[in-house]
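Fold and geometry: a report
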Amino acid sequence: MLMCLGIPAKIISIIDKENGTALVETGGVRREACVSLLSLQGKSINDLIGEWVLLHVGFAMAIIDQQEALDTLALLASLDGIDANND
């Protein structure tokens, strides 16, 4: 049985507003991700900086609460040794 997993990531900066890409960090690793699927609900894309998102295969799927993100990272760390102190 295969399972897809979304992991919490924090948006560090916006790379390209037109193409909806951002620099995100999770587990101490920074990478480019697409944030264009997020519902901004009247906000600017720049308002995403500092937000936690659920990341799946390079796409931010939803904005999540910081505590939920930290709890999930702690759970993943207990399973796989990922650094949960990513704040």
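The shown structure was predicted, so the numbers you read here are calculated from the model rather than taken from an experiment.

Right, let's get into empty space enclosed by the protein. Under the defined criterion, the tally for this structure stands at one cavity of 30 Å³ or more. When its volume is computed, the largest cavity comes out at roughly 30 Å³. In terms of residue class, the lining of the largest cavity is built from three nonpolar, no polar and three charged.

In this structure the tally under the stated criterion is one salt bridge. In this structure, the salt-bridge partner of Arg30 is Glu25, at a minimum N-O distance of 3.1 Å. Exposure remark for Glu25: the relative accessible area of 14% places this residue in the buried category.

A surface patch of nonpolar side chains, amounting to about 480 Å² of accessible area, comprises Leu37, Leu54, Val57, Phe59 and Met61. Along the chain, the position of Met61 falls in strand E5 (residues 59-64). Using a relative accessible area of 46% as the deciding quantity, one classes Met61 as partly exposed.

Averaged over every residue, the pLDDT of the protein is 87; residues scoring 70 or more account for 86%. Model confidence for the protein, summarised as mean pLDDT per element, is weakest for helix H1 (residues 66-80) at 86 and strongest for strand E1 (residues 7-16) at 97.

For the rest of this paragraph, the subject is the side chain of Thr21. Note on placement: Thr21 falls in strand E2 (residues 21-26). Not counting residues within four places of it along the chain, the set of residues in contact with Thr21 comprises Ile14, Ile15, Asp16, Glu32, Ala33, Cys34 and Val35.

Along the chain, Lys17 falls in the loop between E1 and E2. Here the alpha-carbon distance between Lys17 and Ser44, two residues 27 residues apart in the chain, equals 9.7 Å.

Rules used throughout
- Residues numbered from 1 in each chain as written.
- Predicted model: local features only at pLDDT ≥ 70, side-chain atom pairs only at ≥ 80, totals over all residues.
- Heavy atoms only, no water.
- 1 Å grid on protein atoms, 1.4 Å probe; cavity = no way out; pocket = protein on both sides within 12 Å on 5 of 7 lines; lining within 4 Å.
- Points joined across faces, edges and corners; volume = space filled by probe spheres on them.
- Nonpolar A, V, L, I, M, F, W, Y, C, P; charged D, E, K, R; others polar.
- Salt bridge = Lys/Arg side-chain N within 4 Å of Asp/Glu carboxyl O.
- Buried < 20%, exposed > 50% of the residue type's maximum accessible area, 1.4 Å probe, protein only.
- Patch = residues over 30% accessible without salt bridge, like charges linked within 9 Å, V, L, I, M, F, W, Y side chains within 5 Å.
- Areas by Shrake-Rupley, 256 points an atom, 1.4 Å probe, with all protein chains shown as cover.
- Helix = DSSP H or I, 4+ residues; strand = E, 2+ residues; numbered from the N terminus.
- pLDDT = per-residue confidence, 0-100.
- Contact = heavy atoms within 4.5 Å.

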